Amino acid sequence: MKTKFITLFFVLLATVSFAQSTSEAPTQNISPDSNAVYRLFATRNKFTFIKLNTRNGQMSHIQWGTGTNDHFEYPLSNTSLVSKEDEKNGRFFLYPTTNIYNFILLDQINGRTWQVQWSTEEKNRTVLRIY
């Protein structure tokens, strides 16, 4: 009986571990909309979203929660990626990658791309142009 229990435990543990280590890209949860100024993009962390200003590429890390200190908004990038006169609703869009912390930001007008990495730790947040 004890052997069956231990075997069952390890089979369940292996199943859960395998299910969490998938390398599939997350499904994009929204489609581009040329009229929206702001969009929320879900991450694979159930409490975390990225808020994107679709006009200029500025982004924030949004976390929600039920506790008093569980919800916050941190800037990922306060820098506009285009000039004021080149801003247009729906210009920028985020695409998920297989890495839980990374997205690809696309300028849908000129095709420029950036790697966007969110984190609760400021030193690990980054937006890097992909050349």
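Quick caveat, the model's predicted, so the values are computed rather than measured.

(A) Spatial organisation of the overall build of the chain. For the chain, the count of helices and strands is one helix and eight strands. Of the regular secondary structure in the chain, the N- to C-terminal order runs α-β-β-β-β-β-β-β-β. The buried share of the chain, reckoned over its 131 residues, is 29%. Looking at the chain alone, contacts between residues at least 24 apart form 36% of all its contacts between residues at least 6 apart.

(B) Focus on the nonpolar core. One finds I50, L52, M59, F92, L94, L105 and V116 to be the most contacted residues of the largest nonpolar core, which totals 15 residues. Put simply, the parts of the chain that give this core at least two residues each are β2 (48-53), β5 (92-96), β6 (102-107) and β7 (113-117). A total of three residues in this core trace back to one element, the largest contributor, which is β5.

(C) Just the pattern of salt bridges, in detail. The full count for this structure, using the stated rule, is six salt bridges. In this structure, E73 engages K51 in a salt bridge whose closest nitrogen and oxygen atoms are separated by 2.9 Å. Taken together, the positions of E73 in strand β4 (residues 72-77) and K51 in strand β2 put the pair 22 residues apart, joining distant regions of the chain. Given the relative accessible area of 43%, E73 is considered partly exposed. Here E87 makes a salt bridge to R55, at a shortest N to O gap of 3.5 Å. Of the two residues, E87 is situated in the loop between β4 and β5 and R55 in the loop between β2 and β3 (59-63); the sequence distance between them amounts to 32 residues. Taking relative accessible area as the criterion, R55 reaches 26% and is therefore assigned partly exposed. When salt bridges that share partners are traced, they join R55, K84 and E87 into one network.

(D) Here's a closer look at the confidence of the model for the chain. Across the chain, the average pLDDT comes to 82, with 75% of residues at 70 or higher. Within the chain, β7 carries the highest mean pLDDT (98), whereas helix α1 (residues 2-20) carries the lowest (48). Counting interchain partners and residues more than four positions distant, the pLDDT-below-50 stretch residues 11-22 has one contact.

(E) Examining the packing of aromatic side chains more closely. The tally for this structure, following the rule as stated, stands at six aromatic pairs. Seen from their ring centres, F41 and F93 are 5.1 Å apart, and the 80° between their planes marks the pair as edge-to-face. With a gap of 52 residues between them, F41 in strand β1 (residues 38-42) and F93 in strand β5 connect regions that are remote in the sequence. Each of the two residues, F41 as well as F93, counts as buried. Counting every residue linked through ring pairs, the aromatic cluster contains F41, F93 and Y95.

(F) Summary view of the pairing of β3. By the criterion of burial, β3 is predominantly enclosed, with five of the five residues buried. Covered by surrounding structure in β3 are M59, H61 and Q63 together with S60 and I62, the residues of both alternating faces. If you look at the hairpin formed by β2 and β3, you'll find five residues sitting between the two strands, and G57 has a positive phi there, around 85°. Pairing of β3 with β4 involves five bridges; the strand directions are antiparallel. In the strand pairing of β4, Q63 is matched with F72.

Reading the values: rules and limits
Residues numbered from 1 in each chain as written. Predicted model: local features only at pLDDT ≥ 70, side-chain atom pairs only at ≥ 80, totals over all residues. Heavy atoms only, no water. Helix = DSSP H or I, 4+ residues; strand = E, 2+ residues; numbered from the N terminus. Buried < 20%, exposed > 50% of the residue type's maximum accessible area, 1.4 Å probe, protein only. Contact = heavy atoms within 4.5 Å. Core = buried A, V, L, I, M, F, W, Y, C linked by side-chain atoms within 4.5 Å. Salt bridge = Lys/Arg side-chain N within 4 Å of Asp/Glu carboxyl O. pLDDT = per-residue confidence, 0-100. Phe/Tyr/Trp six-rings, centres within 6.5 Å; stacked < 30°, edge-to-face > 60°. Pairing = 2+ DSSP bridges.

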